[in-house]
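Spelled out from the first residue to the last, the chains are:
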Amino acid sequence: MKPLRILSIATLFPDAARPNFGLFVEKSLRALAAQPGIDLTVVAPVGLPSFPLSLHRRYRALRALPHREQWNGLTVHRPRFALVPRYGARFNPARVAKAVLSAVGRQSFDVVDAQFFYPDGPAAMRVAETLGLPFSVKARGADISHFGHAAATKVRLVKAGHRAEGLLAVSESMRRDMAVIGLDPAKITVHYTGIDTARFHPGDRAAARMALGMDGQPAIATVGALIPRKGQALVIEALPALPGVHYWLAGTGEEEGRYRALAERLGVADRVHLMGAVANADLPQLYRAADVVVMPSASEGLANAWVEALACGTPIVISDAGGAAELVTSPAAGRIVERTPEAIAEAVRSILAVPPSQADVAASLAGRFDWNRNGRELAEHLRRCAGRS
């Protein structure tokens, strides 16, 4: 049988300037490429504003990226498209589609795959129409909770969903959210993320704490961008009710200054540790070192950090966002709480009082999250979309 030739569009994809950017997309596509009978080409368009804003340090490293390279075994094209920061979301699909078509030239494909719903989905629709191909789109979280409701983007997003041959969602909850904005649930397949169990697994908590310079005090942690949606401020506000507990924040973002000021004002600055960007390779150590991972996000699909923490044997305290109930299926896995400092503090106290074993926490995942399964299911889905099942 001829290989299935897949054109995958991913505006969320790592590069030399942003090695952790969309790392979960890279892992899924690597798992897809490893399946038999798959010929995969990845296009990861790079948005750059016009001169002189393109000279800003935020974009300087992006300008230097190669237009085509081998990235961890994948052939990746990185064409540029004109980006209008903050106000240009409605124009991005057309610009991304033009960049994709310029990158692949006369290559032939059987199906187009969009790894994020906006702008990737509407861009994939344009590319597929130009090439006369079926296409699929995957929903991950903010692409539906934000772009699926914003006036400037909803119409394009829903149109792409209607025209797609098939749709994917990272959780059953995301599937329901997609139905709310008018997408056909019968077209949507739940496609869970994977986990590298060779890296994310229970380990020596004391050794991990020593390596990070933690003392013997209880430790809670959050992994994610320092932005309002992730809810780190709520955790800082919970600390006065958690005497002696130290809070470790992995990530960077616009709220860092406000979080430092909030910790000072509440008198807990000596217990709040802003770690900055933490390499993905170092995350297992942080998960193992923490007694609890706390992530009260306002919205999520099914956060990779939730799965990674559980795989390392650390319980989670999370808000009722996205696929939370699909992960926290037992007390060993953690708690789902209201997004208030009081509820967060109470949940952390209850776990610290009777900590579950690492083995019980990791077992709560029940083998549902595996990259080989993820790649196999994605290959099967795209074969169905291409009429090759």
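Look up: the structure comes first, before these words.
Because the structure is a prediction, the values reported are computed rather than measured.

Trainee: Got a sec to walk through helix 1 (residues 23-33)? Specific residues and values, please.
Mentor: Among the 11 residues in helix 1, 8 count as buried, and that is most of the element. Within helix 1 the residues assigned to the buried category are Leu23, Val25, Glu26, Lys27, Ser28, Leu29, Ala31 and Leu32. Against the buried residues of helix 1 lie strand 1 (4-9), strand 2 (38-43), strand 4 (68-71), strand 5 (74-77), strand 7 (111-114) and helix 16 (371-385).

Trainee: Before we move on, can you summarise the sheet that holds strand 13 (residues 272-276) with the specific residues and values?
Mentor: With parallel pairing, the 6 strands of this open sheet are ordered in space as 13-12-11-14-15-16. A single partner strand is all that each edge strand has here, and the edge strands are strand 13 and strand 16 (334-337). Geometrically, the sheet is characterised by an average inter-axis angle of 20° between neighbouring strands, direction not taken into account. Where strand 14 (residues 292-295) and strand 15 (residues 316-319) come together, 3 bridges link them in parallel fashion. Its bridge partner lying in strand 15, Val293 is registered against Ile316. Each of strand 11 (219-223), strand 14 and strand 15 touches helix 12 (residues 304-311); the most contacted strand, strand 15, lies at about 160° to it. Sheet strands in contact with helix 14 (residues 341-353) are strand 11, strand 14, strand 15 and strand 16, and its direction is about 165° off that of strand 16.

Trainee: Tell me about the packing of aromatic side chains, and name the residues and values.
Mentor: In this structure the tally under the stated criterion is 3 aromatic pairs. On the numbers, 5.1 Å between centres and 55° between planes, the contact of Tyr192 with Phe369 is tilted. Placement of the pair is Tyr192 in the loop between strand 10 (188-190) and helix 8 (205-211) and Phe369 in the loop between helix 15 (358-363) and helix 16, with a sequence separation of 177 residues. With respect to burial, Tyr192 and Phe369 carry one shared label: buried. Between Phe200 and Tyr287, the aromatic rings sit 6.1 Å apart at their centres with planes inclined by 55°, giving tilted as the arrangement. In this pair, Phe200 is assigned in the loop between strand 10 and helix 8 and Tyr287 in helix 11 (residues 283-289), connecting sequence segments 87 residues apart. Like Tyr287, Phe200 is buried.

Trainee: Could you give an account of the side chain of Ser136, naming the residues involved and the relevant values?
Mentor: With respect to the helices and strands, Ser136 occurs in strand 8 (residues 135-139). At 3.4 Å, the side chain of Ser136 forms a polar contact with the backbone oxygen of Gly166.

How each quantity is defined
- Residues numbered from 1 in each chain as written.
- Predicted model: local features only at pLDDT ≥ 70, side-chain atom pairs only at ≥ 80, totals over all residues.
- Heavy atoms only, no water.
- Buried < 20%, exposed > 50% of the residue type's maximum accessible area, 1.4 Å probe, protein only.
- Helix = DSSP H or I, 4+ residues; strand = E, 2+ residues; numbered from the N terminus.
- Contact = heavy atoms within 4.5 Å.
- Pairing = 2+ DSSP bridges.
- Axes fitted to C-alpha atoms, helices over the stretch in contact; angles between N-to-C directions.
- Phe/Tyr/Trp six-rings, centres within 6.5 Å; stacked < 30°, edge-to-face > 60°.
- Polar contact = N/O pair within 3.5 Å; in protein donor to acceptor, adjacent residues only side chain to side chain.

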